[in-house]
Amino acid sequence: MLTDEQQETWFAYMRVVLRLQYEMNRQLQTDSGLSLADYDVLNALADSPGHRLRLTGLATRIAWERSRLSHHLTRMSARGLVERAPSESDRRATDAVLTDAGLAALRAATPGHAALVRRMFFDGLDPDALPALRAALEAVHEQVLDAGTLPRPPRHQHRLPGLQTGR
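Basis of the calculations
Residues numbered from 1 in each chain as written. Predicted model: local features only at pLDDT ≥ 70, side-chain atom pairs only at ≥ 80, totals over all residues. Heavy atoms only, no water. Helix = DSSP H or I, 4+ residues; strand = E, 2+ residues; numbered from the N terminus. Buried < 20%, exposed > 50% of the residue type's maximum accessible area, 1.4 Å probe, protein only. Contact = heavy atoms within 4.5 Å. Areas by Shrake-Rupley, 256 points an atom, 1.4 Å probe, with all protein chains shown as cover. Lys, Arg positive; Asp, Glu negative; His and termini not counted. Charge placed at Lys NZ, Arg CZ, Asp CG, Glu CD. Phe/Tyr/Trp six-rings, centres within 6.5 Å; stacked < 30°, edge-to-face > 60°. Lys NZ or Arg CZ within 6 Å of the ring centre and 35° of its normal. Expected span 1.5 Å × (residues − 1). Axes fitted to C-alpha atoms, helices over the stretch in contact; angles between N-to-C directions. Parallel < 35°, antiparallel > 145°, perpendicular 65-115°, else oblique. Nonpolar A, V, L, I, M, F, W, Y, C, P; charged D, E, K, R; others polar. Salt bridge = Lys/Arg side-chain N within 4 Å of Asp/Glu carboxyl O. Left-handed = near helix turned anticlockwise from the far one by under 90°.

Draft legend 1. A look at the overall build of the protein. The number of helices and strands found in the protein is six helices and three strands. Listing every helix and strand of the protein by position from the N terminus yields α-α-β-α-α-β-β-α-α. Expressed as a percentage of its 167 residues, the buried residues of the protein come to 32%. At a minimum sequence separation of 6, the contacts of the protein that also span at least 24 residues come to 57%. Accessible area of the protein: about 10,900 Å², with a carbon and sulfur share of 55%. Taking the average location of the 21 positive side-chain charges in the protein and that of its 20 negative ones, the two points are 7 Å from each other.

Dropping the structure here:
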């Protein structure tokens, strides 16, 4: 059972997440022809050594089931954004690899995405509130990693390539 404060906090969080996902997906599709799901995959690959990750590591990193990732990679591969290749470290495994076209699409989409994130998420916040908000989100993320069913991601993603807009 949740306390009244916990319930109101949870509902506030859900309102933000659901609306932000809608707005980010809409902006990306309108401006770049990418979905938010495409953007998540491209970002994870761009932030990985050699722009590649084993499928299991990528699924863990973006918190997807392996079957969802497999189907989505098939669609992205058909568009030339990613490709599958044997793992360089274990030929029995398969890696998702960011293509030049995928990297170009990510780079083209990122400025508009970053502007939307700034406008929708950060512009309404007092900059002095950011450290506390970040600490709270990091604590929740750690709790989800500890109590959740997915393994921990291969490494923590700190900065998304190109998300800095100079502001």
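More follows now that the structure is in view.
Draft legend 2. Here's a closer look at the packing of aromatic side chains. According to the stated counting rule, one finds two aromatic pairs in the structure shown. Centroid distance Phe-121 to Phe-122: 4.9 Å. Interplanar angle 75°. Geometry classified as edge-to-face. A residue is classified by how much of its surface remains accessible, and Phe-121, at 27% relative accessible area, is partly exposed. Its guanidinium or amino end placed over the ring of Trp-64, Arg-68 lies 3.8 Å from that ring's centre, counting from NZ or CZ.

Draft legend 3. Highlighting helix H1 (residues 4-32). Compared with an ideal rise of 1.5 Å per residue, which puts 29 residues at 42 Å, H1 spans 41 Å between its outermost C-alpha atoms and is within 8% of the ideal. Every buried residue belonging to H1 is among Leu-20, Glu-23, Met-24, Gln-27 and Leu-28, and all of these are buried. A positive backbone phi angle near 75° is found at Gly-33, which sits one or two residues after H1.

Draft legend 4. Molecular detail of the packing of helix H3 (residues 55-62) against helix H4 (residues 66-78). Relative orientation of the contacting elements H3 and H4 amounts to 105°, with a least axis distance of 9 Å. Overall, the two elements H3 and H4 adopt an arrangement that is roughly perpendicular. Between H3, through Leu-55, Thr-56, Leu-58, Ala-59 and Ile-62, and H4, the contact on the second element is made entirely by Arg-66, Leu-69 and Leu-73. Counted by class, the contact of H3 with H4 contains six nonpolar, one polar and one charged residues.

Draft legend 5. Focus on the pattern of salt bridges. With the rule as written, the count across this model stands at nine salt bridges. A salt bridge links Asp-38 to Arg-79, with the shortest nitrogen-to-oxygen separation between them at 2.9 Å. You can see Asp-38 sitting in helix H2 (residues 36-46) and its partner Arg-79 sitting in the loop between H4 and strand S2 (82-86), a full 41 residues away along the chain. For Asp-38, a relative accessible area of 2% translates into the label buried. Salt-bridge contacts for Glu-142 lead to Arg-152; the nearest nitrogen and oxygen are separated by 2.3 Å. On the criterion of sequence distance, the pair formed by Glu-142 in helix H6 (residues 130-147) and Arg-152 in the segment after H6 is long-range, its members being 10 residues apart. Taking the relative accessible area as the measure of exposure, Glu-142 reaches 34% and is therefore partly exposed. Each of Arg-52, Glu-88 and Asp-95 takes part in salt bridges that share partners, so that together they form one network.

Draft legend 6. Representation of the packing of H1 against helix H5 (residues 100-122) in the model. Close contact between H1 and H5 brings their axes to 10 Å; oriented N to C, the two are set at 150°. Classified by the angle their axes make, H1 and H5 are roughly antiparallel. Crossing geometry of H1 relative to H5 is assigned as right-handed. On H5, the residues touching Leu-20, Glu-23, Met-24, Gln-27, Leu-28 and Ser-32 of H1 are Ala-109, Gly-112, His-113, Leu-116, Val-117, Met-120 and Phe-121.

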